Amino acid sequence: MALLTVHTFPDPVLKQKALPVDEFDEKLSELAENMLETMYEERGIGLAAVQVAVLKQMVVVDLKSGEEDTSLREPRIFVNPRIVERSGETISEEGCLSVTEFRAEVKRSESIKLEYQDLQGNPQTLEADGLLSICIQHELDHLQGILFIDHLPLLKQKMVKKRLAKLAREAA
Ligand code: NI
């Protein structure tokens with residue numbers, strides 16, 4: 001296993017769109033394992049392949065990522081995920097491993113139905129609500145080159161992006 005580099009705003013790779021996965025091979029499993037390991041290391045609950053500069057439609061999620069007891073972990077891997085149904089509305093504060101030191105409230109669908117493939121390429125479905133639903137919607141945005149800050153009202157978005165870009169320049 002290897003830890004991967006999580007790219008952060010304003011890295012242009014985060015605006016790229018991921019491509020569908022068509023080879024369900026050892027390489028894909030290895031990428032999923034490395035993404036999970038990286039997510040645990042960074043204490044995130046979700047990570048999309050785009051964030052580690054791999055333009056594949058794959059995300060990993062684990063709401064139990066922060067548990068000290070690693071036996072409680074619930075890793076989930078979604079390949080070629082697609083939201084096929086949405087209902088309700090919910091607003092909650094989000095953060096992102098690619099947008100450090102900033103959190104903001106974002107409006108999402110409350111419940112979703114997801115179609116995806118597992119690492120063997122088998123079609124699967126999942127119905128999710130609560131934090132799992134929010135997390136999945138956030139991660140799927142990454143596959144379209146969208147960050148949670150892109151959901152902010154335009155004026156606020158401009159201010160936040162300017163500030164984050166300045167912080168990134170100073171840190172470089
Ligand atoms: Ni994110």
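Attention here is on the structure that accompanies the text. (Residues numbered from 1 in each chain as written. Predicted model: local features only at pLDDT ≥ 70, side-chain atom pairs only at ≥ 80, totals over all residues. Heavy atoms only, no water.)

A count of helical and extended segments in the protein chain gives 3 helices and 7 strands. Going from the N terminus to the C terminus, the protein chain shows its helices and strands as α-β-β-β-β-β-β-β-α-α. Against the compact-globule benchmark of 16 Å for 172 residues, the protein chain has a radius of gyration of 16 Å, which places it among compact chains. Overall, the protein chain is about 45 × 40 × 35 Å in size when its C-alpha atoms are taken along their principal axes. (Helix = DSSP H or I, 4+ residues; strand = E, 2+ residues; numbered from the N terminus. Rg over C-alpha atoms; globule rule 2.2 N^0.38 Å.)

Here we take up the environment of L72. Structurally, the position occupied by L72 is in the loop between β2 (58–61) and β3 (76–87). Judged by its relative accessible area of 39%, L72 falls in the partly exposed class. Taking the C-alpha atoms as reference points, L72 and H138, separated by 66 residues in sequence, lie 23 Å from one another. Excluding its chain neighbours within four sequence positions, the residues that come into contact with L72 are K64 and E67. (Buried < 20%, exposed > 50% of the residue type's maximum accessible area, 1.4 Å probe, protein only. Contact = heavy atoms within 4.5 Å.)

Here helix α2 (residues 130–143) contains 14 residues, and its C-alpha end-to-end distance of 21 Å stays within 8% of the 20 Å for a straight helix at 1.5 Å per residue. In terms of burial, α2 is a largely internal element, 12 of the 14 residues being buried. Among the residues of α2, L132, S133, I134, C135, I136, Q137, H138, E139, L140, D141, H142 and L143 are the ones counted as buried. Phi turns positive, to about 75°, at G145, one or two residues after α2. (Expected span 1.5 Å × (residues − 1).)

Coordination of the nickel ion by the protein is provided by C96 (SG), H138 (NE2) and H142 (NE2), with metal-donor distances spanning 2.1 to 2.2 Å. Counting the intervening residues between successive donors of the nickel ion yields the motif C-x41-H-x3-H. Residue H138 and its partner H142 are located together in helix α2, separated by 4 residues, close to a single helical turn. Residue classification places H138 among the buried residues on the basis of a relative accessible area of 6%. (Donors = N, O, S within 2.8 Å, 3.2 Å for Na, K, Ca; no water.)

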